[in-house]
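# Report on the structure
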Amino acid sequence: QVQLVESGGGLVQPGESQRLSCAASGSIFSIFSMAWYRQAPGKERELVAVISSADYTNVADSVKGRFTISRDYTKNTVHLQMNSLKPEDTAVYYCNAILRTIASTLYNTYWGQGTQVTVSS
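Below you will find a few notes about this structure. By convention here, each chain's residues receive numbers from 1 onward along its written sequence. Side-chain atom pairs in this predicted model are given and counted only at pLDDT of 80 or more, local residue features only at pLDDT of at least 70, and totals for whole chains, interfaces and linings cover all residues. As a rule here, side-chain values cover all heavy atoms of the structure and leave hydrogens and water aside.

### Comments concerning the nonpolar core
With 29 residues, the main nonpolar core has Trp36, Leu80 and Tyr93 as its most contacted residues. Numbering goes from the N terminus for both helices and strands, where a helix is a DSSP run of H or I of at least four residues and a strand is a run of E of at least two. Those elements that provide at least two residues to this core are strand S1 (2–7), strand S3 (18–26), strand S4 (28–39), strand S5 (46–52), strand S7 (67–72), strand S8 (77–82), strand S9 (91–101) and strand S11 (115–119). Ranked by residue count, the leading element in this core is S9, at five residues. Here, nonpolar core means buried Ala, Val, Leu, Ile, Met, Phe, Trp, Tyr and Cys residues that are tied together by side-chain atoms lying within 4.5 Å of each other. When accessible area is computed with a 1.4 Å probe and restricted to protein chains, residues below 20% of their type maximum are described as buried, those above 50% as exposed, and intermediate ones as partly exposed.

Structure below.
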């Protein structure tokens, strides 16, 4: 079994910063990539940022220059540092990992339960 547990969401004011973390646990053999997605009310889930095992990163244009993704390989953890938050960043943020378990030869996609980020004055 694999679990992705997010932490760090909550209510912040516009212009403030917030850091999200996601820890992957279980019978993990190898992680190919970890990412953050978000879904605002009435909208589709969208990719925010992704980091691969080779430290390749990609950040959505809407958050470029404000959000940074990083990864702690020793702890199977990914972080999303969000600066200069705007009301339009309000959404449920989901952690995503493409990984292989000890019992499998294939890489599969796993999701966390999501954490609410609300940017409002």
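Next comes the rest of the write-up.
### Topic: the sheet that holds S8
Within a sheet, adjacent strands bond to each other through the backbone by hydrogen bonds, running parallel or antiparallel. The strand order across the open sheet formed by four strands is S1-S3-S8-S7, and the pairing between neighbours is antiparallel. The sheet is open, and its two edges are formed by S1 and S7, each paired on a single side. Across the sheet, the mean angle separating the axes of adjacent strands is 15° when strand polarity is ignored. Pairing analysis gives six bridges linking S3 to S8, with the strands arranged antiparallel. Residue pairing for S8: Arg19 is matched across the bridge by Gln81. One bridge is not enough; two strands pair if DSSP finds at least two bridges between them. The angle between two axes is taken between their N-to-C directions and runs from 0 to 180 degrees, where each axis is a line fitted to C-alpha atoms and a helix contributes only its stretch in contact.

Taken by themselves, the reported measurements are silent on function.
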